[in-house]
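Coordinates in review
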Amino acid sequence: MAEDLWKKEYDFAVEVARKAGAVIREAGEKEIKVCTKSSTVDLVTKTDERVEKIIIGSLKQEFGEGTHCFIGEESVAKGEPCILTDKPTWIIDPVDGTTNFVHGFPFVAVSIAFAVNKELEFGVVYSCLEDKMYKARRGKGAFCDDDRITVSDVEEIKKSIIISEHGTDRSPEKVQKIFSTMQKILCIPVHGLRGSGTAATNMCLVACGAVEAFFEIGIHCWDIAAGAVIVKEAGGILLDVNGGPFDLMSRRMVSANNKKIADRIIKEIEIFPAERDDAPIQKK
């Protein structure tokens, strides 16, 4: 019988995501100590750091020290490199939606993806306050809990709901472009614009057909790696905001139920620069 490649890793990722989600829920009921990273609105809590340590520690214990590589949001924030190689690599956002978590807004996700030879093999997104486990393996479909999910069949942009975020960069030039894009899309017109406050959850909403597309500039690879697998396996597509191929490290992306919807959104997007996740670290 042929070996079911990476199934053990996939099953363990689901288990670890659920365990991490329980820690987040418990922490949300207690005092939340908040710090900042790149700006006053880019928040990090002790829970983010603790949950990442739990996830990476569990993976190392299960699969052995030095066998896999790791890209984690909090590790990168502390100066670890963000380089995707051909080695088996876990891409982790321990608490996607930290601002939501701090304010008690009920969309917070654990996002865990696994890549080999720079190709995403599976993704797990646990929306822990909703208790919904989204998951997908390459070539094996996408699921919410044990139910198979697919993108919506809407083909007309005027019948769509689009989801996006304004990110954590508050420079006036970027904010102006973000809201100008949203205004142009809203006035196509579309049925509505939404935002859950977590990129991982937004992608899962595309995958399960609740919205037709999600776009953002300024997101990171750990925000979208797991969701990228889930959207693709649910029948959706991933593109760069300029219409080119999706690049995980580019910090910009459109995910949609079909190319017709994606292309129509791309026509309205005002692109602004975002430094790549794998850009060389500048020495201070």
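Let me sum up the structure you'll find in this document. (Residues numbered from 1 in each chain as written. Predicted model: local features only at pLDDT ≥ 70, side-chain atom pairs only at ≥ 80, totals over all residues. Heavy atoms only, no water.)

Read across the sheet, 7 strands follow the order E3-E4-E5-E6-E7-E8-E9 without closing on themselves; strand pairing throughout is mixed. Every other strand in the sheet has two partners, leaving strand E3 (69-72) and strand E9 (147-148) as the edge strands with one partner each. Two elements, strand E7 (residues 132-137) and strand E8 (residues 142-144), share 3 bridges in a ladder whose sense is antiparallel. If you follow Tyr-134 over to E8, its bridge partner there is Cys-144. The sheet strands contacting helix H7 (residues 221-233) are E3, strand E4 (89-96), strand E5 (109-116), strand E6 (119-127), E7 and E8, and the helix crosses E6 at an angle near 100°. (Pairing = 2+ DSSP bridges. Helix = DSSP H or I, 4+ residues; strand = E, 2+ residues; numbered from the N terminus. Contact = heavy atoms within 4.5 Å. Axes fitted to C-alpha atoms, helices over the stretch in contact; angles between N-to-C directions.)

In this section: helix H1 (residues 7-28). Over its 22 residues, H1 runs 32 Å from end to end, which matches the ideal 32 Å to within 8%, given 1.5 Å per residue. For H1, the set of buried residues is Glu-9, Tyr-10, Phe-12, Ala-13, Val-14, Val-16, Ala-17, Ala-20, Gly-21, Val-23, Ile-24 and Ala-27. Buried residues in H1 make contact with helix H2 (46-63), E4, helix H4 (98-103), E5, E6 and E7. (Expected span 1.5 Å × (residues − 1). Buried < 20%, exposed > 50% of the residue type's maximum accessible area, 1.4 Å probe, protein only.)

This brings us to the packing of helix H6 (residues 199-207) against H7. Where H6 meets H7, the closest approach of the two axes is 8 Å, and the angle between their N-to-C directions is 10°. Our classification of the angle between H6 and H7 gives roughly parallel. Touching Ala-199, Ala-200, Met-203, Cys-204, Val-206 and Ala-207 of H6 are Asp-223, Ile-224, Gly-227, Ala-228, Ile-230 and Val-231, all from H7. Tallied by class, residues from the contact of H6 with H7 come to 10 nonpolar, 1 polar and 1 charged. (Parallel < 35°, antiparallel > 145°, perpendicular 65-115°, else oblique. Nonpolar A, V, L, I, M, F, W, Y, C, P; charged D, E, K, R; others polar.)

A few words on helix H5 (residues 172-186). For H5, which comprises 15 residues, the first-to-last C-alpha distance of 21 Å matches the rise-based estimate of 21 Å (1.5 Å per residue) to within 8%. Every buried residue of H5 is accounted for by Ile-178, Ser-180, Thr-181, Met-182 and Ile-185. On the buried face of H5, the contacting elements are strand E10 (161-164), strand E11 (192-194), strand E12 (213-217) and helix H8 (259-266).

Take the pairing of E4 next. Where burial is concerned, most of E4 is hidden: 8 out of the 8 residues are buried. Of the strand pairs in this sheet, E3 and E4 are connected by 4 bridges, and their pairing is parallel. Bridge pairing in E4 links Gly-72 to Ile-92. Here E4 runs beside E5; their pairing, made up of 6 bridges, is antiparallel. By the bridge assignment for E5, Asp-96 is matched with Ala-109.

Moving on: empty space enclosed by the protein. Under the definition given, this model contains 1 cavity of 30 Å³ or more. In terms of lining residues, the largest cavity is bounded by Ser-164, Glu-165, Lys-177, Ile-178, Thr-181, Met-182, Phe-215, Glu-216, Ile-217, Ile-269, Glu-270 and Phe-272. Elements represented by at least two residues in the lining of the largest cavity include exactly H5 and E12. When residues of the lining of the largest cavity are assigned to their parent elements, the largest contribution, 4 residues, is made by H5. When grouped by side-chain class, the residues that make up the lining of the largest cavity number 6 nonpolar, 2 polar and 4 charged. (1 Å grid on protein atoms, 1.4 Å probe; cavity = no way out; pocket = protein on both sides within 12 Å on 5 of 7 lines; lining within 4 Å. Points joined across faces, edges and corners; volume = space filled by probe spheres on them.)

With that out of the way, let us pick up the sheet that holds strand E13 (residues 237-239). The strand order across the open sheet formed by 5 strands is E11-E10-E12-E14-E13, and the pairing between neighbours is mixed. Two strands bound the open sheet, and with one partner strand each, they are E11 and E13. Across the sheet, the axes of successive neighbouring strands diverge by a mean angle of 20°, strand direction being ignored. Sitting on the sheet, H5 touches E10, E11 and E12, and the angle it makes with E11 is about 145°. This element, H8, spans E10, E12, E13 and strand E14 (252-256) of the sheet and lies at about 25° to E13.

By secondary structure assignment, the location of Arg-25 is in helix H1. On the basis of relative accessibility, which here comes to 31%, the residue Arg-25 falls in the partly exposed class. It is 9.2 Å that separates the C-alpha atoms of Arg-25 and Phe-101, two residues lying 76 residues apart in sequence. Setting aside residues up to four positions removed in sequence, Arg-25 forms contacts with Tyr-126, Cys-128 and Leu-129. Polar contacts involving the side chain of Arg-25 include one to the main-chain carbonyl oxygen of Cys-128, which spans 2.9 Å. (Polar contact = N/O pair within 3.5 Å; in protein donor to acceptor, adjacent residues only side chain to side chain.)

Following the criterion strictly, the structure yields 19 salt bridges and no others. In this structure, Glu-156 and Lys-159 form a salt bridge, with 3.9 Å as the shortest nitrogen-oxygen distance. For Lys-159, a relative accessible area of 52% translates into the label exposed. Between Lys-174 and Asp-169 there is a salt bridge whose closest N-O contact spans 3.2 Å. Judged by its relative accessible area of 22%, Lys-174 is partly exposed. Through salt bridges with shared partners, one network takes in Glu-119, Glu-121 and Arg-138. (Salt bridge = Lys/Arg side-chain N within 4 Å of Asp/Glu carboxyl O.)

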